[in-house]
Amino acid sequence: MKKVTIGLFGFGVVGEGIYQVLSEKQALNASIKKVVIKHPEKSRNAPAELFTTDADEVLHDDAIDLIVELIDDAEAAYTIVTNAMRNGKSVISANKKMIAEHHLELIQISRDHQVSFLYEAAVCGSVPIIRNLEEYFDNDLLISVEGIVNGSTNFILCKMLQEGEDYANALHHAQVSGFAESNPHLDVEGIDAAYKLSIIGLHAFGKQIDVGEILRKGITSLHPFDFQYAKEKDYVIKLIAKATVNEHGELDTLSVLPTFVSRSGIFGQTNNEYNGVVVGSVLADEQFFYGKGAGRFPTSSAVLSDISAYTYQYKYGYKKGLTPFRPNYDRTGRYYIACDKALAVDRALFDEIDEEFINHDRSYIIGKIRQKNLLLNGILNNPQISIISLN
Ligand code: HSE
């Protein structure tokens, strides 16, 4: 097996995890030569001579053939990754923001320099969704990819709904467990999930998706009343990322939205930091991928798998194409919209109303809404309005 010499960027939750794994697992014939860090004053569980603050020392070291980029700062990551590939080094990255924002350009650079650019760890932690979309589903017609792709929000929602923790405590719990982003706003507002959905969209449907085109609402507007409603109906609330094609086989809808799902269904049973993704296809019907979506060792396992793939020069083929996604919000879906009684839900949003409720302090309407109406008046961004999909 090819001997791999790695330059590692970042020694956080995942960086340290991969260092530990590679120190113990000699089988892969891969070793870390240097780790580039930002704060040399921090004490770390590895020999001091392993660390440097000089990125160029690693990027220009001819003995290093693979860069593993596991830092937080997407802009710095972009500079590192592009320089590395231009210097002829292959790259493994877990930086979903950087990938989603520069996907086509990064692919082009990797092709121009004939290097591998792999990022299984950027999407759903340990769940091998990207390689499966690339390889296994390269010929079956895909019609949907849908799932829980953010471990932190899933963890928070479970703690709130099942264990009665309040939001602040549950978020803190997700942070100390190493699941949350260093800026947890990215998790709880559904932005991290949107980055992942964009990356999935390219591998599933060959479409380059601008994250701003995804209908998105996070979990911060959810109200205790919504959890109560869910309990009464035997639902749970999950943050679901969804990409579906229309009857013409075109991808037309992408969303990241809180969603009521049956408590006993597969998403309802996907709890804590677990992720679960259903791939819908013409021939296979539905397949479910399930596993830990965040955390040190689950994410390290995806990085490790990419290191192994690199040893046989694996590169994504992007066989479904690389064309821009054109959003179309014409589809109608069923949604629950709730807010303070004083604010009142706007009935004009709905094509059809199935259920309406008002009490002394809260009101909601459930009915059919054309997706473009969700873009009206900033309701997706209004923290006082709960929008929960029933699709
Ligand atoms: N913050 C991310 C999550 C980490 O909670 O899913 C894994 O991408």
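The notes below deal with the structure included here. (Residues numbered from 1 in each chain as written. Predicted model: local features only at pLDDT ≥ 70, side-chain atom pairs only at ≥ 80, totals over all residues. Heavy atoms only, no water.)

By the definition in use, this model includes 20 salt bridges. Here Asp306 ties to Arg131 by a salt bridge, and the two come within 3.3 Å at their closest N and O atoms. Residue Asp306 is located in helix α11 (residues 296-311), and its partner Arg131 is located in helix α5 (residues 129-136); the two are separated by 175 residues in the primary sequence. Taking relative accessible area as the criterion, Asp306 reaches 0% and is therefore assigned buried. Judged by its relative accessible area of 17%, Arg131 is buried. Ionic pairing is found between Lys292 and Glu273, a salt bridge with its closest N-O pair at 4.0 Å. Remark: Glu273 occurs in the loop between β11 (251-262) and β12 (274-281) and Lys292 occurs in strand β13 (residues 285-292); sequence separation between them is 19 residues. The class for Lys292 is partly exposed, based on a relative accessible area of 30%. The network of salt bridges with shared partners includes Lys96, Glu181, Asp192 and Lys196. (Salt bridge = Lys/Arg side-chain N within 4 Å of Asp/Glu carboxyl O. Helix = DSSP H or I, 4+ residues; strand = E, 2+ residues; numbered from the N terminus. Buried < 20%, exposed > 50% of the residue type's maximum accessible area, 1.4 Å probe, protein only.)

The nonpolar side chains of soluble globular proteins are, as a tendency, buried together. Residues Ile6, Ile129, Ile307 and Tyr336 are the most contacted members of the largest nonpolar core, which totals 121 residues. Broken down by element, this core gets its largest block of residues, 10 residues, from helix α9 (residues 191-205). Excluding anything up to four places from it in sequence, Tyr336 contacts Phe225, Asp226, Tyr229, Phe260, Tyr364, Ile365, Ile366, Ser386, Ile387, Ile388 and Leu390. Listed in part, the 16 residues of the second largest apolar core include Ile369, Ile379, Ile385 and Ile387. (Core = buried A, V, L, I, M, F, W, Y, C linked by side-chain atoms within 4.5 Å. Contact = heavy atoms within 4.5 Å.)

On to the site of the ligand, then. Close contacts around the ligand come from Lys96, Asn150, Gly151, Ser152, Phe179, Ala180, Glu181, Asp187, Asp192, Lys196, Gly293 and Ala294, and that covers them all. In the environment of the ligand, an oxygen atom lies 2.6 Å from a nitrogen or oxygen atom belonging to the side chain of Ser152. Between a nitrogen atom of the ligand and a main-chain N or O atom of Phe179, the distance comes to 2.8 Å. With the chains in place, 93% of the 250 Å² that the ligand exposes on its own is no longer accessible. Of all the secondary structure elements, the ones that give two or more residues to the shell around the ligand are α6 (151-163) and α9. A per-class count over the shell around the ligand returns three nonpolar, four polar and five charged. (Near = heavy atom within 4 Å. Polar contact = N/O pair within 3.5 Å; in protein donor to acceptor, adjacent residues only side chain to side chain. Areas by Shrake-Rupley, 256 points an atom, 1.4 Å probe, with all protein chains shown as cover. Nonpolar A, V, L, I, M, F, W, Y, C, P; charged D, E, K, R; others polar.)

Further remarks concern the sheet that holds strand β5 (residues 90-93). Pairing within the open sheet is parallel, and its six strands lie in the order β3-β2-β1-β4-β5-β6. A strand with exactly one partner marks an edge of an open sheet, and here the two such strands are β3 (51-52) and β6 (117-118). (Pairing = 2+ DSSP bridges.)

A word on the environment of Leu349. Here Leu349 is to be found in the loop between β15 (332-340) and β16 (350-358). The spacing of Leu349 and Gly268 is 81 residues in sequence and 28 Å in space, taken between C-alpha atoms. The contact partners of Leu349, leaving out residues within four places of it in the chain, are Ile337, Ile369, Asn373, Leu376 and Ile379.

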